Amino acid sequence: MPEPLDSVAVKPATPGTRPATHEVIVTRGLLRRYRMGDAEILALTGVDLTIDRGEYVAIMGPSGSGKSTLMNVIGCLDQADEGEYWLNGQLVSVMSERRLAGIRNREIGFVFQNFNLLHRATALHNVELPLIYAGIGRRERQERAQESLERVGLSDRMLHRPAELSGGQRQRVAIARALVTGPSILLADEPTGALDSATAAEIMQLFEELHRQGNTLIMVTHDSEVAAHAARQVNLKDGRIEADTSRAEAREDVDHVPEHV
Ligand code: ADP
Ligand code: MG
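Just so we're clear, the structure is a prediction, and the values are computed from it rather than from any experiment.

*Asks:* Please set out the overall build of the protein chain residue by residue, giving values where relevant.
*Replies:* Check the secondary structure of the protein chain and you find eight helices and ten strands. In the protein chain, which comprises 261 residues, the share counted as buried stands at 36%. Here the analysis covers contacts within the protein chain between residues at least 6 apart in sequence; of these, 70% occur between residues at least 24 apart.

Printed below as a string of structure tokens:
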């Protein structure tokens, strides 16, 4: 079966050690190149990144630094040319396109800048969609979609279509859709990019709540104010990690003077 040209990958012969169970994402030496005519562009040049279950991470960096490329690999929409990627204990960097699609549906919840909702469908139906793809029956589907919409505070808007909702409400529907399958990670690419600042703040509040409930959140943003909501910031530059700082650690140092140690 022919594979898309850009997914022909040089796979490592022997993978490194299996990540610990609390490590939901481990990448080692991720490299992604694009060919543009005769030129080769290195979009990722050796990314080593470990994210623990329950973390809230912002991926930052200037335009062209590789944020979207990294998100696409982490989200199993694309595969790196070299290096390893482990998601939830599974070595996805050696998987076929077909297995990758299965992993993507089970493990990843996506939130996009422009919501990506079906315009003709109600909020409820939009949230049901991933469960339809997962082959779940109608009754359970509706129950789970309703619960998910309740979690994001939209129980009174279930039968509205996107055009009958505000931008913030549309993004809530998208978040409910991302959560409904119970994914290992929630991946958000500029989730507040299309929202005014008050609505953006509401969505950030919702993310913090989801983080407190134990969800693993990874958000790409070029907005440092938005990124400041995350507990950890990973900065990309020229396809590699330039800085990786954890706000929780910094705060703990201040809050808990280790007198009891
Ligand atoms: P960011 O999301 O941080 O703006 P990207 O991951 O989109 O960065 O891009 C990283 C680099 O890879 C850029 O130099 C970009 O031009 C290049 N690139 C991204 N996608 C493609 C593609 N499909 N074909 C060729 N070059 C690409
Ligand atoms: Mg981008």
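Read on, since the account is not over.
*Asks:* Which residues make up the site of ligand 1, and what values do they have?
*Replies:* The immediate surroundings of ligand 1 are formed by Tyr34, Met36, Ile41, Ala43, Gly61, Ser63, Gly64, Ser65, Gly66, Lys67, Ser68 and Thr69. At the level of secondary structure, the elements contributing two or more residues to the shell around ligand 1 comprise β1 (23-36), β2 (39-52) and α1 (67-74). Top element by residues in the shell around ligand 1 is α1. It accounts for three residues. Across the shell around ligand 1, the residue classes tally to four nonpolar, seven polar and one charged.

*Asks:* Give a detailed account of the sheet that holds strand β9 (residues 232-237), specifying residues and quantitative values.
*Replies:* Taken together, six strands build an open sheet; the order of strands is β6-β7-β8-β3-β9-β10 and the sheet is mixed. Looking at the sheet topology across the chains shown, the edges are occupied by β6 (108-112) and β10 (240-246). Direction aside, the axes of adjacent strands within the sheet are offset by 20 degrees on average. Relative to β10, β9 is paired through six bridges, and the arrangement is antiparallel. Residue Val234 lies in a different strand from β10, and its bridge partner there is Asp244.

*Asks:* Describe in detail the packing of helix α3 (residues 123-133) against helix α4 (residues 138-151), supporting the description with residues and values.
*Replies:* Between α3 and α4, whose axes approach to 9 Å, the crossing angle comes to 120 degrees. Judged by the angle between their axes, α3 and α4 are oblique. Note that α3 runs across α4; the crossing there is right-handed. On α4, the residues touching Ala123, Leu124, Val127, Glu128, Leu131 and Ile132 of α3 are Arg141, Gln142, Arg144, Ala145, Gln146, Ser148 and Leu149.

*Asks:* So what's going on with helix α6 (residues 197-212)? Which residues, and what values?
*Replies:* With 16 residues, α6 extends 22 Å from end C-alpha to end C-alpha; this agrees with the ideal 22 Å at 1.5 Å per step. Where α6 is concerned, the buried positions are Ala200, Ile203 and Phe207. For α6, the angular spread of buried residues about the axis comes to 65 degrees, placing them on one side. In α6, the exposed positions angled more than 90 degrees off the buried face are occupied by Ala198, Gln205 and Arg212. Gly214 sits one or two residues past α6 and shows a positive phi near 105 degrees.

*Asks:* Outline the packing of α3 against helix α5 (residues 167-179), supporting the account with residue identities and numerical values.
*Replies:* α5 packs onto α3 with a crossing angle of 30 degrees between their chain directions and a minimal axis gap of 7 Å. Taken together, α3 and α5 sit at an angle that is classed as roughly parallel. Taken as a pair, α3 and α5 cross one another with a handedness that is right-handed. Seen from α3, the contacting residues are Ala123, Asn126, Val127, Leu129 and Pro130; seen from α5, they are Val173, Ala176 and Arg177.

*Asks:* Can you lay out α1 for me, pointing to particular residues and giving the numbers?
*Replies:* Within α1, six of the eight residues are buried, which leaves the element mostly enclosed by the surrounding structure. Buried within α1 are the following residues: Lys67, Thr69, Leu70, Met71, Val73 and Ile74. The first or second residue beyond α1 is Cys76, which carries a positive phi of 60 degrees.

*Asks:* For the nonpolar core, give the residues involved together with the corresponding values.
*Replies:* The nonpolar side chains of a soluble globular protein tend to be buried with one another. Counting 59 residues, the largest nonpolar core has Ile59, Ala176 and Ile218 as the members making the most contacts within it. For Ala176, the contacting residues outside a window of four places in its chain are Val127, Ser148, Leu149, Arg151, Val152 and Leu154.

*Asks:* Which residues make up the confidence of the model for the protein chain, and what values do they have?
*Replies:* Predicted coordinates in regions of low pLDDT should not be interpreted in detail. On average, residues of the protein chain score 90 in pLDDT, and 89% of them are at 70 or above. Here residues 1-13 is a poorly scored stretch, pLDDT under 50, and it has twelve contacts once near neighbours within four places are set aside; other chains count.

Reading guide: rules and limits
- Residues numbered from 1 in each chain as written.
- Chains lettered and ligands numbered in written order.
- Predicted model: local features only at pLDDT ≥ 70, side-chain atom pairs only at ≥ 80, totals over all residues.
- Helix = DSSP H or I, 4+ residues; strand = E, 2+ residues; numbered from the N terminus.
- Buried ≥ 20, exposed ≤ 12 C-beta atoms within 10 Å, placed from the backbone.
- Contact = placed C-beta atoms within 7 Å.
- Near = placed C-beta within 6 Å.
- Nonpolar A, V, L, I, M, F, W, Y, C, P; charged D, E, K, R; others polar.
- Pairing = 2+ DSSP bridges.
- Axes fitted to C-alpha atoms, helices over the stretch in contact; angles between N-to-C directions.
- Parallel < 35°, antiparallel > 145°, perpendicular 65-115°, else oblique.
- Left-handed = near helix turned anticlockwise from the far one by under 90°.
- Expected span 1.5 Å × (residues − 1).
- Arc of directions from axis to C-beta.
- Core = buried A, V, L, I, M, F, W, Y, C linked by C-beta atoms within 7 Å.
- pLDDT = per-residue confidence, 0-100.

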